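What follows is each chain in one-letter form.
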Amino acid sequence: QVQLVESGGGLVQAGGSLTLSCAASGSTFSLNGMGWYRQVPGKQRELVAAITAHGTAIYGDSVKGRFTVSRDGAKNTVTLRMNSLKPEDTGVYYCIALREWGREPDYWGQGTQVTVSS
């Protein structure tokens, strides 16, 4: 099993920046990818960004060019740097981890709230 703990959510004004962090513990040797999903009010949960153990990253279309995902394999952490935030980025952000790239996440964090005010 793998446990994921997020930190860094909060309230920010539109145009501002915020950084989310997630630490994994447990059977982390089995992980290939880590990243972030979000649940925006009125929409389905969606991929924000994910990164493989070798550093290959993918992004959701709505965040490309604004968000950057990074990973520290030695510390088993994944970070999401969010710039140029918009009110529509408001939602609950979940750290995820997966054993096999390209499949649905195997593990989820509890989620952290991000609120962007206009």
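Residues numbered from 1 in each chain as written. Predicted model: local features only at pLDDT ≥ 70, side-chain atom pairs only at ≥ 80, totals over all residues. Heavy atoms only, no water.

### Considerations on the state of the cysteines
As a reminder, the rule being used: What counts as a disulfide here is a pair of cysteine sulfur atoms lying within 2.5 Å. Helix and strand labels come from DSSP, where a helix needs a run of H or I of at least four residues and a strand needs a run of E of at least two; each type is numbered from the N terminus.
Tallied over the full model, the rule gives 1 disulfide. One disulfide bridge connects Cys22 with Cys95, the sulfur atoms lying 2.0 Å from each other. Torsion about the S-S bond of the Cys22 and Cys95 cystine: about -85°, corresponding to left-handed handedness. Placement of Cys22 in strand β3 (residues 18-26) and of Cys95 in strand β9 (residues 91-98) is noted, with a sequence separation of 73 residues between them.

### A few points about unusual backbone geometry
In the Ramachandran plot, Asn76 falls in the positive-phi region, its phi being about 55° despite a non-glycine side chain. Looking at the element boundaries, Asn76 is found in the loop between β7 (67-72) and β8 (77-82). Its identity as a non-glycine residue notwithstanding, Ser84 has a phi of 50°, on the positive side. You can see Ser84 is positioned in the loop between β8 and β9.

### Section: the nonpolar core
As a rule of thumb, nonpolar side chains are buried together in soluble globular proteins. Quick reminder of the rule: For the purposes of this section, nonpolar cores are sets of buried Ala, Val, Leu, Ile, Met, Phe, Trp, Tyr and Cys residues that join through side-chain atoms within 4.5 Å. Partly exposed residues are those whose accessible area sits between 20% and 50% of the maximum for their type, while under 20% is buried and over 50% is exposed, using a 1.4 Å probe and protein chains only. We call two residues in contact when some of their heavy atoms are within 4.5 Å.
One finds Leu4, Met34, Trp36, Leu80, Met82 and Tyr93 to be the most contacted residues of the largest nonpolar core, which totals 26 residues. Those elements that place two or more of their residues in this core are β1 (2-7), β3, β4 (33-39), β5 (46-52), β7, β8, β9 and β11 (112-117). A total of 4 residues in this core trace back to one element, the largest contributor, which is β3. Beyond its immediate stretch of four places on either side in the chain, Leu4 contacts Cys22, Ala23, Ala24, Met34, Cys95, Ile96, Ala97, Tyr107, Trp108, Gly109 and Gln110.

### Section: the environment of Tyr93
Looking at where Tyr93 falls in the secondary structure, it is placed in strand β9. Relative accessible area serves as the criterion here: at 0%, Tyr93 is assigned to the buried category. As a C-alpha pair, Tyr93 and Leu31 span 62 residues in sequence and 20 Å in three-dimensional space.

### Notes on the packing of aromatic side chains
Two measures describe an aromatic ring pair: the distance that separates the ring centres and the angle between the ring planes. To be explicit about the condition: Geometry of aromatic contacts follows a simple scheme: Phe, Tyr and Trp rings, the Trp one being its six-membered ring, pair when their centres are within 6.5 Å, and the pair is stacked under 30 degrees between planes, edge-to-face over 60, tilted otherwise.
Overall, the coordinates contain 2 aromatic pairs when judged by the stated rule. Arranged with centres 5.1 Å apart and planes meeting at 65°, the rings of Tyr37 and Trp108 form a pair that is edge-to-face. You can see Tyr37 sitting in strand β4 and its partner Trp108 sitting in strand β10 (residues 107-108), a full 71 residues away along the chain. The exposure class assigned to Tyr37 is buried, which follows from its relative accessible area of 13%. Between Tyr94 and Trp108, the aromatic rings sit 6.1 Å apart at their centres with planes inclined by 80°, giving edge-to-face as the arrangement. Placement of Tyr94 in strand β9 and of Trp108 in strand β10 is noted, with a sequence separation of 14 residues between them.

### With respect to the pairing of β1
We apply this condition: In short, DSSP must find at least two bridges between two strands for them to pair.
Alternating residues of β1 divide into Val2, Leu4 and Glu6, all buried, and Gln3, Val5 and Ser7, none buried. Bridging between β1 and β3 involves 6 bridges; their strand directions are antiparallel. Considered in β3, the bridge of Ser7 is made with Ser21.

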